Amino acid sequence: LNVCYKWHRTIRICERHLRANDREFNLSFKYANNAIKTSKYNIFTFLPLNLFEQFQRLANAYFVFLLILQLIPAISSLSWFTTVVPLLLVLCITLAKDGTDDINRHKNDRQVNNRRVDVLIDGQLKSEKWMNVQVGDIIKLENNQFVTVRTLTLLYTSSDPVLSHSFSLSLSLSLSLSLSETNLKVKQALTVTGDLGDNIDTLAAFDGEVHCEAPNNRLDKFTGTLTVQGETYALDNERILLRGCTLRNTEWCFGLVLFGGPDTKLMQNSGKSVFKRTSIDHLMNVLVLFIFGLLACMCTTLAIGNGIWEHQQGTSFTAFLPRQDGANAAFSGFLSFWSYVIILNTVVPISLYVSVEILRLGNSYFIDWDRKMYHTKTDTPAQARTTTLNEELGQIKYIFSDKTGTLTQNIMTFNRCSINGKSYGEEKVDFSWNSLADTKFCFHDHALVEAVKQGSSEVHAFFRLLALCHTVMPEEKTEGQLFYQAQSPDEGALVTAARNFGFVFRTRTPETISVVEMGINITYELLAVLDFNNVRKRMSVIVRSPDGRLTLYCKGADTIIYERLHPSCSKVMEVTTEHLNEYAGEGLRTLALAYKDLDEAEFEQWRERHHEASTALEDREEKLDAIYEEIEKDLMLIGATAVEDKLQDGVPQTIEQLAQADIKIWVLTGDKQETAENIGYSCNMLREEMTEVFIIAADTAEGVKEELSRFRGQKSQVVLDEESNGEYGLVINGHSLAYGLQKDFQLELLRTACMCQTVICCRVTPLQKAQVVELVKKYKKAVTLAIGDGANDVSMIKAAHIGVGISGQEGMQAVLSSDFSFAQFRYLQRLLLVHGHWSYLRMCKFLCYFFYKNFSFTFVHFWYGFFCGFSAQTVYDEWFITMYNLVYTALPIIGLSLFDQDVNDRWSMQYPQLYAPGQKNQYFNKMTFVKILLHSCYSSLILFFIPYAAMQDTVRDDGKDIADYQSFAFVALSAMNHFFLWGSLSVFFAITFTMYSNGMYLIFTSSFPFIGTARNSLNQPNVWLTIFLTTLLCVLPVVALRFLLIQLRPTINDKVDQNTQTHIQRPSFVYLLSSYYASLQFCTNLTLFLPTPAFPLLCFISTILNSSPVLSFFSSFTFSSLFSHPLLHSSLPSCLLSTPLISLFLLSPFPSSPFSSFFLFSLLLSTLFIFPPLLFSFFSHALSSP
């Protein structure tokens, strides 16, 4: 039987049919057993399957293609290991990570599958493993025990009332639970199964049949029927226990297994979630494609050059380089193209994605370890639930926030009420007269107590409704000590209020509710419960009093209740509306209360229709809603309640800080407009000094259009941040928003909202929250963040670029759907302004450095092609090519990207303006990439031609030749390596001397033929001078540009840097040092225009003395700035270069040549300028405190 259900989309599913205690019958349908499997691999499939997944990545597949090319002798000029070693390292790192994760999943699976549960088999209760439980089995659960499967509950419980509590709890992290809630849920057994008792023989003889929906991931809905002895009973979510929940307040219960293992809702929700990618990820994908195009262009250029060279010059070399038969210039160019694809492969960033994941993982740990985001009261740390979105935290432009439980504490207190047109709640009340009162409850109005004591029928009806219309569960451990377990704080507050005023809710069963009314025990027959949901926004119960009177009690949102009132309530409604507006203006949450006396005959007819609708397997929800509408009309208004939900600590300050960072905050709440406005003013989102606060409250499409047109006149298809002549706020209700989200009004609504600093949407549904987020994502080029604490915020959290969950009173569904979580809203400013800012800055520096070093390295090969007849000869030694990315340039940039801070966390919080560059994507974009490309091109020219010119026709001091090919290559690669990696200097020299040693030559003669090259080159001063000049010429343009930009067009970081320097108190003698440097700086700047041999060094020193980032680096002594990227802090590498060079040259023998004398003079001059700043910075750091 195919039944069509409408959920998020329409799909066709098949009905499930099963019979209790009949395994043979149930096995015929081949339902899944209860074993779960969350692991991806086993011992046989791990290696092939994981490698298959890895080779689906473009970079990995490309390097396999290169390896195949290298196996072709005609085109390969590099050994196979130059490709295999980097590829193997990347593959092994990923294999280790995936293998570790899968081993943990296997452990969790075994732990879950081997848990024990009592199962009724062959008339006996037997202890079985979870994985052996079958659909249709009857199982026994005990208090505090996990639900092993999704079961039909309850056949019977140990409690006299056929009720139990289900306390949802996370079963295992590996299962990606979507059911983790911290509040109790009421679960009820059908009366017909409750009669079975705990008799094993009776349970074994039970043969009820269930028809229900097929497996799905809807946690809040269940549709099914139970047929027992020809009678059909409705099954809904209140009769079902979900796998992963825990039994509470019930000693034991029996249940029937409906779904097992992968068919349970828990496992249906543990599938792959939507993978969120950052804007930098999308940009990197585009850039990698561009790099492939650049590689193709370079190889084509060199191949054409090879063809031309072979045609014009190649015949001159055939005597000692004979050509193969049939080979010509065109064929040689074709082979040269593929050879250069191999040689220039370093331009393709094979290790980029692995390195990025390492950085993101490290920065995620910093969030987890941040003690300033740890909430001591609830023992809740901050948690980065995903490691792929860290840098996106530094680019947020729009924040969408829930109100209740997110901005507020979600701890409700009953403050005011309106009963039959009279408002109460002015003076504090003494409840000592009530022995069952809650000592923590506080109310301010003696008149209400007197009205209760005098027996006012309206007041009694008011509190009777509060005591009957709810889903609260009572727990009385000792006589008179009542504890209420409520699904929502609102219900708990209202039932507690009724209790204190003499209407004490004591016990409940599926069919009765017992209340102590002014000391008298009264039991009401519970005939129907009309559930609350986000669409109905109301709840009703139908009860029969001991005197036989039928009454419907209803509570809900005032707008919903007012639509269903009897016309005779118009006067009371007007007065109550005034009271509601007054309460909402004070920031209180309000509900309206109403009742209706029912006719017995009319109710019986309605009850039959209700039974038919509740047992329908198709469109059950729609049919029940229609049935509810029939009876929830012509209600009589009793009054209204108002409960207070206080703001969390630090919310106004947090919102103010985020506003200073130019982050726009939109609040999406289900509260009344007046309540939302009051909270807006309390949170500093709305301010009296604002130019205007727009209110959109029209109930028609034309009205909404007219109000939007009044605020906005022009139209455009691109929605930008509108320039306005003041600060504006926007408040819009749910009805108007529904029209505003229509296609014709979307752009107009968004343009109006973009003019405003704050937007508050009230009376909105969860679906509308997600639609608002999607609207901004669709038309704005901005990063969005959604933050909430409840299940009604999940759709909004999933829709935004980044979702943040608050672990509060509403359970854990928001947290489990989020990317980041913590306990209080105030931690959001630290997450964004500190961790987000740092993560974005670090990622941008890493990418700039990574692309720069790879381009500079690869372009040297390109230039060398013009000097080797385009023969695909390599400049560098093969082992250097292999280890360049793996060893020489790997750890320093990772260290930078993990620990770098432009300013510390205190300054990041004090200057929210530092957040602006991330919103504008200033640190890494396409233009930055082009600059890196041009800078790399310039650097590669210097790195190639300076050593080439210096080594050409050069001899050693002893007259021996130094200008061999490998010595030139060594100088070029040394200059590059020193330029990038002074932090890895020891590693470089250790590996270099090992590769060119006698031992390596004797052991691996063919792989290490260049014996003694390092010794031959490094003992010559002109080699060191060449390295130094090459490095200096590479750095000099960027240093000068950085210096000019700081002076002429400082960034926000430069300005904050200067401001932070003014806050540092220095002793008087330190100012004397500053004066010395001021005069030295003047002399240095003067000599910049003189034709002196020391010009490059003087220019470099002048930049150091004028550049605040350099002095900041030396005064902070952070490891992070040590390898700062030249495009961002370009003066640092040059500063770090001088001191090690001085030490190296003082240890070397200096020949008596004019060239060497000049070099010695330059080094001494460099020492004169460098040593005092270091000394000054040391004392400045040691003797000052920020």
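Residues numbered from 1 in each chain as written. Predicted model: local features only at pLDDT ≥ 70, side-chain atom pairs only at ≥ 80, totals over all residues. Heavy atoms only, no water.

As annotated in an unreviewed UniProt entry, the chain carries the name Phospholipid-transporting ATPase and comes from Pygocentrus nattereri. According to the UniProt record, the Cofactor (unreviewed entry) comment for the chain is "Mg(2+)". Under the UniProt heading Catalytic activity (unreviewed entry), the note attached to the chain is "ATP + H2O + phospholipidSide 1 = ADP + phosphate + phospholipidSide 2." (UniProt positions renumbered as here; feature names shortened; annotations may be inferred.)

The secondary structure content of the chain amounts to 43 helices and 35 strands. Counting across all 1186 residues of the chain, residues that qualify as buried make up 57%. Here the chain has roughly 50,200 Å² of accessible surface; of this, 57% comes from carbon and sulfur atoms. (Helix = DSSP H or I, 4+ residues; strand = E, 2+ residues; numbered from the N terminus. Buried < 20%, exposed > 50% of the residue type's maximum accessible area, 1.4 Å probe, protein only. Areas by Shrake-Rupley, 256 points an atom, 1.4 Å probe, with all protein chains shown as cover.)

Turning to the packing of helix 8 (residues 279-312) against helix 26 (residues 827-865), a few remarks are in order. Put simply, helix 8 and helix 26 touch, their axes get as near as 12 Å, and they point 5° apart. Between helix 8 and helix 26, the crossing angle belongs to the class labelled roughly parallel. Side by side, helix 8 and helix 26 meet where Ile 280, Met 284, Leu 287, Ile 291, Leu 294, Met 298, Thr 301 and Leu 302 of the first sit next to Tyr 840, Met 843, Cys 844, Leu 847, Phe 851, Phe 855, Thr 858, Phe 859, Phe 862 and Gly 865 of the second. When its residues are assigned to classes, the contact of helix 8 with helix 26 shows 15 nonpolar, 3 polar and no charged. (Axes fitted to C-alpha atoms, helices over the stretch in contact; angles between N-to-C directions. Parallel < 35°, antiparallel > 145°, perpendicular 65-115°, else oblique. Contact = heavy atoms within 4.5 Å. Nonpolar A, V, L, I, M, F, W, Y, C, P; charged D, E, K, R; others polar.)

The next subject is the environment of Pro 349. Residue placement: Pro 349 occurs in the loop between helix 9 (329-343) and helix 10 (352-368). Its relative accessible area of 4% is what places Pro 349 among the buried residues.

Another aspect to go through is the sheet that holds strand 25 (residues 538-544). Strand order in the open sheet formed by 9 strands is 19-18-28-27-26-25-24-23-22, with antiparallel pairing between adjacent strands. Looking along the sheet, the strands with just one partner apiece sit at the ends: strand 19 (422-424) and strand 22 (503-508). Adjacent strand axes in the sheet meet at a mean angle of 30° when their direction is disregarded. Two elements, strand 26 (residues 550-556) and strand 27 (residues 589-598), share 7 bridges in a ladder whose sense is antiparallel. Across the sheet, Thr 551 pairs through a bridge with Asp 597, a residue of strand 27. Sitting on the sheet, helix 16 (residues 600-614) touches strand 24 (520-530), strand 25, strand 26 and strand 27, and the angle it makes with strand 24 is about 45°. (Pairing = 2+ DSSP bridges.)

With that settled, consider the pairing of strand 32 (residues 758-762). Burial analysis of strand 32 places 5 of its 5 residues in the buried class, which makes it a mostly covered element. Neither face of strand 32 is exposed, since Thr 758, Ile 760 and Cys 762 on one face and Val 759 and Cys 761 on the opposite face are all buried. Direction of pairing for strand 29 (residues 664-668) relative to strand 32: parallel, over a ladder of 4 bridges. Across the sheet, residue Val 667 finds its bridge partner in strand 32, namely Ile 760. Sheet analysis places strand 31 (residues 728-733) next to strand 32, joined by 5 bridges and oriented parallel. Each bridged residue has a counterpart across the sheet, and for Asn 733 the counterpart in strand 32 is Cys 762.

Moving on: the sheet that holds strand 11 (residues 224-228). One key point about sheets: their strands pair by backbone hydrogen bonds, in either a parallel or an antiparallel sense. As summarised here, the arrangement of the 4 strands in space is 3-10-11-12, forming an open sheet in which the pairing is antiparallel. Each edge of the open sheet is held by one strand with a lone partner, namely strand 3 (16-19) and strand 12 (231-235). Each strand of the sheet is rotated relative to its neighbour by a mean of 20°, with strand direction disregarded.

Okay, the pattern of salt bridges next. The tally for this structure, following the rule as stated, stands at 34 salt bridges. With a shortest N-O distance of 2.9 Å, Asp 671 and Arg 589 are connected by a salt bridge. Highlighted residues: Asp 671 in the loop between strand 29 and helix 19 (673-682) and Arg 589 in strand 27, separated in sequence by 82 residues. On the basis of relative accessibility, which here comes to 8%, the residue Asp 671 falls in the buried class. Asp 793 serves as the salt-bridge partner of Lys 769, at 2.8 Å between the closest nitrogen and oxygen. Of this pair, Lys 769 sits in helix 23 (residues 766-779) while Asp 793 is found in the loop between strand 33 (783-788) and helix 24 (794-799), placing the two residues 24 residues apart along the sequence. Like Lys 769, the residue Asp 793 is buried in the burial classification. Here the salt bridges do not stand alone but share partners, grouping Arg 536, Arg 538, Glu 563, Arg 564, Glu 629 and Glu 632 into one network. (Salt bridge = Lys/Arg side-chain N within 4 Å of Asp/Glu carboxyl O.)

Because an α-helix packs 3.6 residues into every turn, residues spaced three or four apart end up facing the same way. Listed as buried for helix 20 (residues 701-711) are Gly 703, Val 704, Glu 707, Leu 708 and Phe 711. Seen end-on, helix 20 carries its buried residues on one side only, within an arc spanning 130°. Exposed side of helix 20, more than 90 degrees from the buried face: Glu 702, Glu 706 and Arg 710 are the residues found there. Packed against the buried residues of helix 20 are strand 30 (692-696), helix 21 (734-740) and helix 22 (746-754). (Arc of directions from axis to C-beta.)

Attention now moves to the UniProt feature "active site" (unreviewed entry) in the chain. Residues annotated in UniProt with the feature "active site" (unreviewed entry) correspond here to Asp 402. Along the chain, the position of Asp 402 falls in the loop between strand 17 (396-401) and strand 18 (408-419). Residues within four places of Asp 402 in sequence aside, it is in contact with Leu 407, Leu 668, Thr 669, Lys 769, Ile 787, Gly 788, Asp 789, Asp 793 and Met 796. Reaching out from Asp 402, the side chain makes a polar contact with the side chain of Lys 769 at a distance of 3.3 Å. (Polar contact = N/O pair within 3.5 Å; in protein donor to acceptor, adjacent residues only side chain to side chain.)

Each disulfide consists of a covalent bond between the sulfur atoms of two cysteine residues. Per the stated rule, a full pass over the model turns up 0 disulfides. Not part of a disulfide, Cys 469 finds its nearest cysteine sulfur in Cys 554, a span of 6.5 Å. The exposure class of Cys 469 is buried, given its relative accessible area of 0%. Looking at Cys 844, it has no disulfide partner, and the nearest cysteine sulfur is the one in Cys 848, 6.5 Å off. (Disulfide = S-S within 2.5 Å.)

Let us look at the packing of aromatic side chains. Counting across every chain of the model gives 37 aromatic pairs. Ring geometry for Phe 855 and Phe 929: centres 5.7 Å apart, planes at 75°, overall edge-to-face. Of this pair, Phe 855 sits in helix 26 while Phe 929 sits in helix 31 (residues 926-951), and the two are 74 residues apart along the sequence. The exposure classification of Phe 855 matches that of Phe 929, with both residues buried. Aromatic pair Phe 867 and Phe 944: ring centres 5.3 Å apart, planes at 50°, arrangement tilted. Pair noted here: Phe 867 is in the loop between helix 26 and helix 27 (878-888) and Phe 944 is in helix 31, with a separation of 77 residues, a long-range link. Classification of Phe 944 as buried rests on a relative accessible area of 0%. Linked through ring pairs, Phe 290, Phe 846, Phe 850, Phe 851, Phe 855, Phe 859, Phe 924 and Phe 929 together constitute an aromatic cluster. Between the NZ or CZ atom of Lys 140 and the centre of the ring of Trp 252, over which it lies, the distance is 5.4 Å. Between the NZ or CZ atom of Arg 906 and the centre of the ring of Trp 907, over which it lies, the distance is 4.7 Å. (Phe/Tyr/Trp six-rings, centres within 6.5 Å; stacked < 30°, edge-to-face > 60°. Lys NZ or Arg CZ within 6 Å of the ring centre and 35° of its normal.)

Moving on to the packing of helix 22 against helix 23. Two elements in contact, helix 22 and helix 23, have axes separated by 11 Å at closest approach and are oriented at 85°. Overall, the two elements helix 22 and helix 23 adopt an arrangement that is roughly perpendicular. Residue-level inspection shows Gln 746, Leu 747, Leu 749 and Leu 750 of helix 22 in contact with helix 23, the latter providing Leu 775, Val 776, Lys 778 and Tyr 779.

As a further point, take helix 11 (residues 446-453). Within the sequence span of helix 11, burial applies to Leu 448, Val 449, Ala 451 and Val 452. One face of helix 11 carries all of its buried residues, which in axial projection span an arc of 160°. Looking at the packing, one finds that the buried side of helix 11 touches strand 18, strand 19 and helix 12 (457-468). The first or second residue beyond helix 11 is Gly 455, which carries a positive phi of 80°.

Moving on, we come to the side chain of Asp 370. Following the sequence through the fold, Asp 370 ends up in the loop between helix 10 and strand 16 (383-384). Of note is the side chain of Asp 370, whose polar atom sits 2.9 Å from the backbone nitrogen of Lys 372. Apart from residues no more than four positions distant in its own chain, Asp 370 is found in contact with Arg 830 and His 835.

With that settled, the discussion passes to a nonpolar patch on the surface. On the surface, a cluster of nonpolar side chains totalling about 350 Å² of accessible area is made up of Leu 361, Tyr 365 and Trp 369. Turning to its location among the elements, Tyr 365 is positioned in helix 10. (Patch = residues over 30% accessible without salt bridge, like charges linked within 9 Å, V, L, I, M, F, W, Y side chains within 5 Å.)

Once that is clear, we can look at the nonpolar core. If you look at soluble globular proteins, the nonpolar side chains tend to sit buried side by side. Among the nonpolar cores identified, the biggest contains 73 residues, and Tyr 340, Phe 846, Leu 847, Phe 851, Phe 855 and Phe 924 are the most heavily contacted of them. No other element matches the 18 residues that helix 26 contributes to this core. Sequence-distant contacts of Leu 847, defined by excluding residues within four places in its chain, comprise Ile 280, Met 284, Leu 352, Val 356 and Phe 924. By size, the runner-up hydrophobic cluster in this structure holds 43 residues, among which are Cys 469, Tyr 484, Val 504 and Val 643. (Core = buried A, V, L, I, M, F, W, Y, C linked by side-chain atoms within 4.5 Å.)

What follows deals with a negative patch on the surface. There is a patch of like negative charges on the surface, built from Glu 618, Asp 619, Glu 622 and Asp 625. Mapping Asp 619 onto the fold places it in the loop between helix 16 and helix 17 (620-631). (Lys, Arg positive; Asp, Glu negative; His and termini not counted. Charge placed at Lys NZ, Arg CZ, Asp CG, Glu CD.)

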